[in-house]
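Below are the chains, spelled out letter by letter.
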Amino acid sequence: GARGAMGLERDGKSLQVAKALMESAVAAGASRQVASATAVALWRVVLGQASDLELPSPGVEVQVEARLAAIRPCLVAQETVARRQGTSRHSAKGLVDPAVVFRRNVGVHAAFGEDFSSMSDGEFRRRQRGRAKAQAGVGHAAPVEV
């Protein structure tokens, strides 16, 4: 069939169906996060291809595993408290040592593209406070092409 920008079929039903599904999610009151995730999933279905971001290199896997290891104790504590008390905790503060929460925060928010698995707490502090970016003269990164 005729193809439009970026290979989307103009005469096919897939784009129409994706549009209807997205509109339904928004009309149902989907949060920004849910709407965004829905849009990305529909985009991938319409294009019929996996992103290279879904197939990480071994080096990326090592860093992701190191970050997950930093995050895990906080998640375990939050889930344990939720099951015992019947209440959901937004944060692990007060549930685990502050150093554990600190490492979790850096693991989620900072030092991407660096060797997270071998960083010291001092290096984490610098990354969290933004000193590494300021010293390197680095601004916001360009968006990743999908």
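Think of each chain on its own: its residues are numbered from 1, step by step along the sequence as written. Confidence filtering applies because this is a predicted model: local features only for residues at pLDDT of at least 70, side-chain atom pairs given and counted only at 80 or more, and all residues used for totals across whole chains, interfaces and linings. No hydrogens and no water enter the side-chain calculation; it runs on all heavy atoms of the structure.

### Regarding the packing of aromatic side chains
The following threshold applies: Geometry of aromatic contacts follows a simple scheme: Phe, Tyr and Trp rings, the Trp one being its six-membered ring, pair when their centres are within 6.5 Å, and the pair is stacked under 30 degrees between planes, edge-to-face over 60, tilted otherwise. Secondary structure elements follow DSSP: runs of H or I no shorter than four residues count as helices, runs of E no shorter than two count as strands, and numbering proceeds from the N terminus. Categorising residues by exposure relies on relative accessible area from a 1.4 Å probe, with only protein chains included: less than 20% of the type maximum marks a residue as buried, more than 50% marks it as exposed, and the intermediate range marks it as partly exposed. Cation placement over rings: the criterion is NZ of Lys or CZ of Arg within 6 Å of the ring centroid and within 35° of the ring normal.
Applying the stated rule across the entire model yields 2 aromatic pairs. Taking 6.5 Å as the distance between ring centres and 75° as the angle between the ring planes, the aromatic pair formed by Phe102 and Phe124 counts as edge-to-face. With Phe102 in helix H4 (residues 98-109) and Phe124 in helix H5 (residues 121-129), the pair connects residues that are 22 residues apart, well separated along the chain. Just as Phe102 is buried, Phe124 falls in that class too. Between Phe116 and Phe124 the ring centres are 4.9 Å apart and the planes differ by 40°, which places this aromatic pair in the tilted class. Clustering of aromatic rings is evident, with ring pairs tying together Phe102, Phe116 and Phe124. Here the guanidinium or amino end of Arg67 rests over the ring plane of Phe112, the centre of that ring lying 3.9 Å away.

### As for the nonpolar core
For clarity, the threshold we go by: Within this scheme, the nonpolar core is defined by two criteria: the residues are buried Ala, Val, Leu, Ile, Met, Phe, Trp, Tyr or Cys, and they are joined through side-chain atoms within 4.5 Å. Contacts are assigned to residue pairs that have any heavy atoms within 4.5 Å of one another.
Ala66, Ala70, Phe102, Val106, Ala110, Ala111, Phe116, Met119 and Phe124 together form the largest nonpolar core, which totals 9 residues. Elements with a contribution of two residues or more to this core: helix H3 (58-85) and H4. What Val106 contacts, discounting residues up to four positions off in sequence, is Arg67, Phe116, Phe124 and Gln128. With 5 residues, the next largest nonpolar core counts Cys74, Ala92, Val96 and Val101 among its residues.

### Re unusual backbone geometry
Backbone geometry places Ala111, a non-glycine residue, at a positive phi of 65°. With respect to the helices, strands and loops of the structure, Ala111 is situated in the loop between H4 and H5. Taking the relative accessible area as the measure of exposure, Ala111 reaches 9% and is therefore buried.

### A short note on the confidence of the model for the chain
Heads up, the rule is: The predictor reports its confidence for every residue as pLDDT, a score running from 0 up to 100.
The share of residues in the chain with pLDDT of 70 or more is 73%, and the mean pLDDT across the chain is 77. Every residue in residues 1-11 scores below 50 in pLDDT, and together they form 16 contacts with partners more than four places removed in sequence or on other chains. Segment residues 134-146: pLDDT under 50, and 5 contacts once partners within four positions in sequence are set aside and those in other chains are kept.

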